[in-house]
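Each chain, letter by letter, is given below.
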Amino acid sequence: EAGVAQSPRYKIIEKRQSVAFWCNPISGHATLYWYQQILGQGPKLLIQFQNNGVVDDSQLPKDRFSAERLKGVDSTLKIQPAKLEDSAVYLCASSFLRREQYFGPGTRLTVT
Amino acid sequence: AQSVTQPDIHITVSEGASLELRCNYSYGATPYLFWYVQSPGQGLQLLLKYFSGDTLVQGIKGFEAEFKRSQSSFNLRKPSVHWSDAAEYFCAVGGPYNQGGKLIFGQGTELSVKP
């Protein structure tokens, strides 16, 4: 069974630029999560989708972050414009019936 | 408020020695509990999970954890550590009380293994 796929694995951008991350969950997993992991910390949930609907986006900085999951399968997370403090690893996870979550390899973002 | 505390930021053990990583949580109901491991540059791999039932759960790679409701703890153990166990370990809490089952993670414990 294929795991959660993410791309790109690494991205370096300058502040005020935009960036997008892509995630493809495990087949059949209706729930998809985006987490932000700042160096030295545990992951923090940014947004959660159930199929193509948003369940929880309470910690998403909506002035600069957006996410979509239009067909209820893969998802895109965008940052525009990026700030220095957005440097982090962005992790995508998926789950079946909202139980254990399976994580992708993550995208390491560096904002200079 | 829901939270997870991992009191040890960094632990060093000798190869072959036993290991215990501590995890304490604050949650409003019976939690779902998880331990994940993260190697450098990698995502999180699920080691084990507790939903209900037997409070001693077995996971992959020889790890086990025990849920102690009275102590709000879910400590991770391994009887004999291998050099390949060096990584960062995260405890997480979630469950149906948390809308959508989102996970709250601890800060992580970095494990180093001495030869």
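Visitor: Outline the interface of chain A and chain B, supporting the account with residue identities and numerical values.
Guide: The interface is formed by 22 residues belonging to chain A together with 20 residues belonging to chain B. Around 1,700 Å² of area is buried between chain A and chain B when both sides are counted, 50% of it from carbon and sulfur atoms. Taken as a group, Arg99(A), Glu100(A) and Phe103(A) account for 27% of the area that chain A buries against chain B, more than any other trio of residues on that side. At the junction of chain A with chain B, the criterion picks out two salt bridges. With a closest N to O distance of 3.6 Å, Lys49(B) and Glu100(A) form a salt bridge. In this assembly, chain A and chain B are joined by four residue pairs in polar contact (both at pLDDT 80 or more). Contributing elements (two or more residues each) for the side of chain A that touches chain B: strand S4 (31-37), strand S5 (44-50), strand S6 (53-56) and strand S10 (101-103) of chain A. Residues of the side of chain A that touches chain B, tallied by class, amount to nine nonpolar, eight polar and five charged.

Visitor: Just give me the short version of the pairing of strand S10 (residues 87-94) of chain B, but keep the residues and values in it.
Guide: All names here are of chain B. Counting buried positions along S10 yields seven of eight residues, so the element is predominantly enclosed. Of the strand pairs in this sheet, strand S5 (residues 32-38) and S10 are connected by seven bridges, and their pairing is antiparallel. Following the sheet pairing, Phe34 is matched in S10 by Ala92. Here three bridges tie S10 to strand S12 (residues 109-114), and the two strands are oriented antiparallel to one another. What sits directly across from Glu88, in S12, is Glu110. As judged from the two bridges shared by S10 and strand S11 (residues 104-105), these two strands associate in the antiparallel manner. For Val93, the partnering residue across the bridge sits in S11 and is Ile104.

Rules used throughout
- Residues numbered from 1 in each chain as written.
- Chains lettered and ligands numbered in written order.
- Predicted model: local features only at pLDDT ≥ 70, side-chain atom pairs only at ≥ 80, totals over all residues.
- Heavy atoms only, no water.
- Contact = heavy atoms within 4.5 Å.
- Buried area = accessible area lost by both parts, 1.4 Å probe.
- Salt bridge = Lys/Arg side-chain N within 4 Å of Asp/Glu carboxyl O.
- Polar contact = N/O pair within 3.5 Å; in protein donor to acceptor, adjacent residues only side chain to side chain.
- Helix = DSSP H or I, 4+ residues; strand = E, 2+ residues; numbered from the N terminus.
- Nonpolar A, V, L, I, M, F, W, Y, C, P; charged D, E, K, R; others polar.
- Buried < 20%, exposed > 50% of the residue type's maximum accessible area, 1.4 Å probe, protein only.
- Pairing = 2+ DSSP bridges.

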